[in-house]
Amino acid sequence: MRNSFYLKMAADSIRKNWKMYFPFIISCISTIMMTYIIQALSTNPGLSEIPGGENLKTILSMGYFVLILFSTIFLFYMNSFLMKNRKREFGVYNILGMDKKHIMKMLAYETFYIFVFSMIVGLVAGTILNKVCVLLIRQMMGADVALGFEFSPEAVVWTLSFFIIIFLLILLGNIYQIRLANPIDLLKSGNVGEKEPKTKWFLSILGVLLTGWGYYIGLTLQSPISGMPFAFLAAILIIAGTYLLFTTGSIAVLKILKNNKNYYYQTSHFIPVSGMLYRMKKNAVGLGNITVLSVGVILLLSIAVSLYIVSGNKDGDSQYAGNVISEVRLSEDTDDTGEEVKAKLNELIDQTASETNNTVTGLSSYTYLNLVTLAADDGFEVTKDAYSMLAKQSPASLYLTDQESYNQLTGDNISLDENEVYVHGTGDEYTKKTLSLMDYQFSVNVMEDMEEFSLDNETTSLISDTYYIIVEDIETLRQIEKQQKEIVEGYAASTNVSTQIRLEQDINEQQEIAFGEQLRSNMEKEDMDLVVVDSRTEAASDLQALRSGVLFIVLNLAVLLLLMTVLIIYYKQTSEAYDDKERFSILQKIGLNQMEIKKAIKSQILTVFFLPVIVTGIHILAIFLLMRKLMILVMINQVNLFPISVLIAFLVFLIVYMIIYRITARVYYKIVQ
Amino acid sequence: MTLLQVQHVMKVYTTRFGGNQVEALSDVSFSVDSGDYIAIMGESGSGKTTLLNILAALDKPTRGSVLLNRKNIVQIPEKEISAFRRSNLGFVFQDFNLLDTFSIQDNIFVPLVLSGKKHKEMEQKLKPIAEKLGIEHILTKFPYEVSGGQKQRAAVARALIADPELILADEPTGALDSKSSDDLLQHFDYINAEGQTILMVTHSIKAASHAKRVLFIKDGNVFHELYKGQMSNEEMFQKISNTLAILAAGEDGNA
Ligand SMILES: Nc1ncnc2c1ncn2[C@@H]1O[C@H](COP(=O)(O)OP(=O)(O)OP(=O)(O)O)[C@@H](O)[C@H]1O
Ligand SMILES: [Mg+2]
């Protein structure tokens, strides 16, 4: 037979079975679309340019990984629905004289059609949706937004190759099934149920252990940012555990119920328990899918709600005490005490003020050095390990300044001896008498009410342990910088002069930005090694851009996941309803009345619906702490509001879920009637 | 003692669009005594299944009444009808109607579970019935794991387990080969000999020849009645064949 014959036959068969293929194709399209969008966003160069963009990318690529895992399971699951119904048709073909090789060929063509179709629609829809997101974000933010859009060929290649693999696997799986089956099996497979599953204790226990391990990591992981791989691991463990528990655990539980004769042989238990046990294998994957999706939906929704709360509340954003902040790196020369730079800067600020018709009402300036270290027995260790993602220990961040800077900044009058330091920890105070840092051995005075001088680092201070340290003089600071450079080389930090400039109170945003820009160009003209010049307005809008961007992406994802949950539930319920139709008609003939049928259906549907919700709730509780730590990135000091976000997200989810429940219960009942 | 009285039952089906009316039964009357074994025969479309559905309280007649133990089942309110059905009637269907989700044993238990019986009582009731029908060794299997004949015997066990007044069977041998059919009819004979009343609709002359009485239905009326009396199965077989031949000839004559 010629290829064109198969092409036509495959096309016909898809058209004929459109009702069955439709949900599958929808699933393919939506997974392709999601994969493309997330991949496109996580490789979007525009994202790196906004503050926190790198963190966002990390979150997205983590999401991408989970998405791939989930898409695979999801598509296989949808395919199993499809194949169950198609097998009978293949059996007829086989008996009518089409040999298996030809059936496989036809199947391959069908798969190919679906692949091409879903890929085209998915990528086009993904591209459009991506664009729509960006346009809306731009509108929300007012024109200039760092989140630029471009068609991402890289993402296309990734999505394409990934889905080629998935489709190939699905095809191979289907071919394998057909090869193994004889025509009679194929003919029967539409109506013969799975054999009653066996209880697998080992796997049930493994499921409990994996979930427990995942929970343990979730509850104990200190720094999810540096311990990102562990957060990953926790997610994977919990997902794997969930599937195991649903597939084997649920069977074990149902078997126990069934073996309890007095419980089992009651009208309200007899029908649902046997019904669930009968198709538990497939049912279980479905329940697992629903649970994993639900957790995803709730997490994403709670992130979205958090972002919404935070962006509505601008006061919390002010990272800067001044209107404009500048930071200048000191030269490599360790004799440079920064006096020159400071003097030059003061000059430039005055110049800028007169150029832009502003008055400087306040100016504070200090020299500081920020080191990332690991806490050691007798102080802090400067090592490259502190920068490693895999570090077991979360790093400690040290902010060092000299006492002259501190006195100037705060108006205090402290005086330190040589090799003496003041230390203040944002979390726990430093308790030891001495503090060793590379070649230095300081004696420690704790100053609990120390002004936390580096104001723009609240985020880090919440994620890792942070210590503020005042050393005797600028020379010491520079020596520490030099020693550190020799150890960590490429990661080395430099000593900076940070200056905060306060302008008149009634200054407007344009003037503030104009001052900042003028100052920047003046500094650049003088060849100063500047780290940043930023105005409060700019910083706030950058942050706002990030938040709105993330809010948008997250909301999109949440909606897509929710859609998928709905699709799975609906598909599952309707296909089960068709299975149960005969069952209930028999029961009715034997003597089960409408009321009792309704009750039996209700208890069966209730289990299917609310078991995943309960497990979802437990999962959410277990990973709540982990999520809270991650949310510090976006919510900063308003992270206390995160539980409220989770609660709102859960409620929204529950409402949608109840609606799906009502609808599918009605559809199910209608079909069964 | 009269168990069942069917009086002037008429059934008119109105098609969905209201236009055509089909008179499936026009005026059917007969009565069944306790311990009777009745076969109902007739051509396809003569109204046998319709009649059986009415007797089973699955459908209501357009006119007429059906009295079981002097109680008019036509007037039983909808709510009580299921309970009535499972405590008074047992069913055997052509296609077995066993539930795939239950083992054979649980399938047999269904009517008892629905009536809220205790598990212990179920086990006690099952034992003699399963022995009688020769299905003790397949009780733990599932319907897709046993043969058609075994399935039908399980269905008979299910029909018997609640001690019904009357067993209604719609072409019980229809899906069975001749060996399994003979087997099943033997079992029906035993059951009937123990006093169980059976009413069976069938196309099979052989099946009908086991009954004590055969009713022939034609065009919605009881056309003829045959009593077995002391006849052997073979003689009864011959008589039924002859009647059917006359029935068919009559049709030709009319046409
Ligand atoms: N639900 C219905 N609606 C309309 N007409 C019906 C309905 N059920 C049966 N009929 C008609 O009533 C008549 C009797 O049907 P019934 O099913 O009782 O016949 P039967 O004797 O059981 O036939 P068979 O031996 O083929 O099973 C037929 O003409 C049939 O078309
Ligand atoms: Mg019939």
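Here the structure is a predicted model, which means the values were calculated and not measured. (Residues numbered from 1 in each chain as written. Chains lettered and ligands numbered in written order. Predicted model: local features only at pLDDT ≥ 70, side-chain atom pairs only at ≥ 80, totals over all residues. Heavy atoms only, no water.)

Broken down by element type, chain A carries 20 helices and 10 strands. In chain A, once contacts between residues fewer than 6 apart in sequence are set aside, the share between residues at least 24 apart is 81%. Carbon and sulfur atoms form 60% of the exposed surface of chain A, whose accessible area is close to 30400 Å². (Helix = DSSP H or I, 4+ residues; strand = E, 2+ residues; numbered from the N terminus. Contact = heavy atoms within 4.5 Å. Areas by Shrake-Rupley, 256 points an atom, 1.4 Å probe, with all protein chains shown as cover.)

This part covers helix α14 (residues 403-410) of chain A. Residue and element names in this part refer to chain A. Listed as buried for α14 are Q403, S405, Y406 and N407. Looking at the buried side of α14, the elements it contacts are α13 (339-355), β2 (360-376), β4 (396-402) and β8 (465-471). Just downstream of α14, G411 is the residue with a positive phi angle, here 80 degrees. (Buried < 20%, exposed > 50% of the residue type's maximum accessible area, 1.4 Å probe, protein only.)

All names here are of chain A. Together, K602, R662, R666 and K670 give the surface a local cluster of positive charge. The element contributing the most residues to the positive patch is helix α20 (residues 642-672), with three residues. Position of K602 among the secondary structure elements: in helix α19 (residues 594-635). (Patch = residues over 30% accessible without salt bridge, like charges linked within 9 Å, V, L, I, M, F, W, Y side chains within 5 Å. Salt bridge = Lys/Arg side-chain N within 4 Å of Asp/Glu carboxyl O. Lys, Arg positive; Asp, Glu negative; His and termini not counted. Charge placed at Lys NZ, Arg CZ, Asp CG, Glu CD.)

To continue, consider the interface of chain B and chain A. Taken together, the 28 residues of chain B in the interface contact 28 residues of chain A. Between chain B and chain A, the buried area comes to about 2500 Å², and carbon and sulfur atoms account for 65% of it. Together, T101, L114 and Y144 of chain B form the three largest contributors to the area buried by chain B at its contact with chain A, with a combined 24%. Where chain B meets chain A, there are zero salt bridges. Joining chain B to chain A, the criterion identifies four residue pairs in polar contact (both at pLDDT 80 or more). Secondary structure elements with two or more residues in the side of chain B that touches chain A: α2 (78-88), α3 (104-114) and α4 (119-133) of chain B. Among the elements that line the side of chain B that touches chain A, the one with the most residues is α3 of chain B, at seven residues. Counted by class, the side of chain B that touches chain A contains 14 nonpolar, five polar and nine charged residues. (Buried area = accessible area lost by both parts, 1.4 Å probe. Polar contact = N/O pair within 3.5 Å; in protein donor to acceptor, adjacent residues only side chain to side chain. Nonpolar A, V, L, I, M, F, W, Y, C, P; charged D, E, K, R; others polar.)

Before going further, it helps to examine the packing of aromatic side chains. Residue and element names in this part refer to chain A. Here the structure, examined in full by the defined rule, presents 22 aromatic pairs over all chains. The interplanar angle of 40 degrees and the centroid separation of 5.5 Å between the aromatic rings of Y265 and F270 together place this pair among those described as tilted. The exposure class assigned to F270 is buried, which follows from its relative accessible area of 0%. Between F609 and Y661, the aromatic rings sit 5.0 Å apart at their centres with planes inclined by 75 degrees, giving edge-to-face as the arrangement. (Phe/Tyr/Trp six-rings, centres within 6.5 Å; stacked < 30°, edge-to-face > 60°.)

A separate point is the site of ligand 1. All names here are of chain B. Around ligand 1, the neighbouring residues are Y13, A24, E43, S44, G45, S46, G47, K48, T49, T50, E171 and H203. Contact between ligand 1 and T49: an oxygen atom at 2.6 Å from a side-chain N or O atom of the residue. Against a free-state accessible area of 640 Å², the protein chains account for coverage of 61% of ligand 1. When residues of the shell around ligand 1 are assigned to their parent elements, the largest contribution, three residues, is made by helix α1 (residues 48-55). Partitioned by chemical class, the residues of the shell around ligand 1 number two nonpolar, seven polar and three charged. (Near = heavy atom within 4 Å.)

What follows is about the confidence of the model for chain B. All names here are of chain B. Averaged over every residue, the pLDDT of chain B is 87; residues scoring 70 or more account for 96%. Here helix α8 (residues 233-254) stands out as the element of chain B with the lowest mean pLDDT, 80, in contrast to strand β8 (residues 197-201), whose mean of 94 is the highest. What the predictor reports for the complex is a pTM of 0.66 with an ipTM of 0.78. (pLDDT = per-residue confidence, 0-100.)

A separate point is the environment of S46 of chain B. Residue and element names in this part refer to chain B. By the element assignment, S46 lies in the loop between β3 (37-42) and α1. Once residues within four sequence positions are removed from consideration, S46 is found in contact with A24, I217, K218 and G220. There is a polar contact of 2.6 Å between the side chain of S46 and the backbone oxygen of E43.

All names here are of chain B. The buried count for strand β7 (residues 166-170) comes to five of five residues, which makes it a mostly enclosed element. Burial of the side chains of β7 extends over both faces: L166, L168 and D170 are buried on one face and I167 and A169 on the other. In the sheet, strand β6 (residues 89-92) pairs with β7 via four bridges, with the strands oriented parallel. If you follow L89 over to β7, its bridge partner there is L166. As paired elements, β7 and β8 share five bridges and run parallel to each other. Residue pairing in the sheet places I167 in a bridge with I198 of β8. Handedness of the crossover joining β7 and β8 through helix α6 (residues 178-193) is recorded here as right-handed. (Pairing = 2+ DSSP bridges. Right-handed = clockwise from strand over helix to strand, strands pointing away.)

Core analysis: the biggest nonpolar cluster contains 161 residues, and F163 and F584 of chain A together with F188 and V214 of chain B have the highest contact counts within it. Counting the residues that make up this core, at least three belong to each of domain 1 (1-192) and domain 2 (195-318 + 541-672) of chain A. Look past the residues within four positions of F584 of chain A in its chain and what remains in contact with it is I271, I597, A600, I601, Y668 and V672 of chain A. Ranked by size, the runner-up nonpolar core spans 32 residues in total, among them L4, V9, I54 and I76 of chain B. (Core = buried A, V, L, I, M, F, W, Y, C linked by side-chain atoms within 4.5 Å. Domains from an automatic or database assignment.)

Turning our eyes to something else, we now look at the environment of H619 of chain A. All names here are of chain A. Relative to the helices and strands, H619 is located in helix α19. Put simply, H619 and V292 are 327 residues apart on the chain and 9.3 Å apart in space, counted from C-alpha to C-alpha. Not counting residues up to four positions away in its chain, the partners in contact with H619 are T211, Y215, I238, T242, T291 and V295. At 2.8 Å, the side chain of H619 and the side chain of T242 are in polar contact.

Turning to unusual backbone geometry, a few remarks are in order. Phi is mostly negative for residues that are not glycine, and the peptide bonds are mostly trans. Residues and elements named next belong to chain B. Backbone geometry places H8, a non-glycine residue, at a positive phi of 50 degrees. Along the chain, H8 falls in strand β1 (residues 2-14). Its relative accessible area of 52% is what places H8 among the exposed residues.

All names here are of chain A. Counting buried residues in strand β5 (residues 420-425) gives six out of six residues, a clear majority hidden from the surface. The alternating pattern of β5 places E420, Y422 and H424 on one face and V421, V423 and G425 on the opposite face, and all of these are buried. In this sheet, strand β7 (residues 440-446) lies alongside β5 in parallel orientation, the contact comprising four bridges. Opposite E420, over in β7, you have S443 as the bridge partner. Two strands pair when backbone bridges link them, and β5 and β8 are joined in this way by four bridges, in the antiparallel orientation. Looking across to β8, one finds that V423 is bridged to I469.

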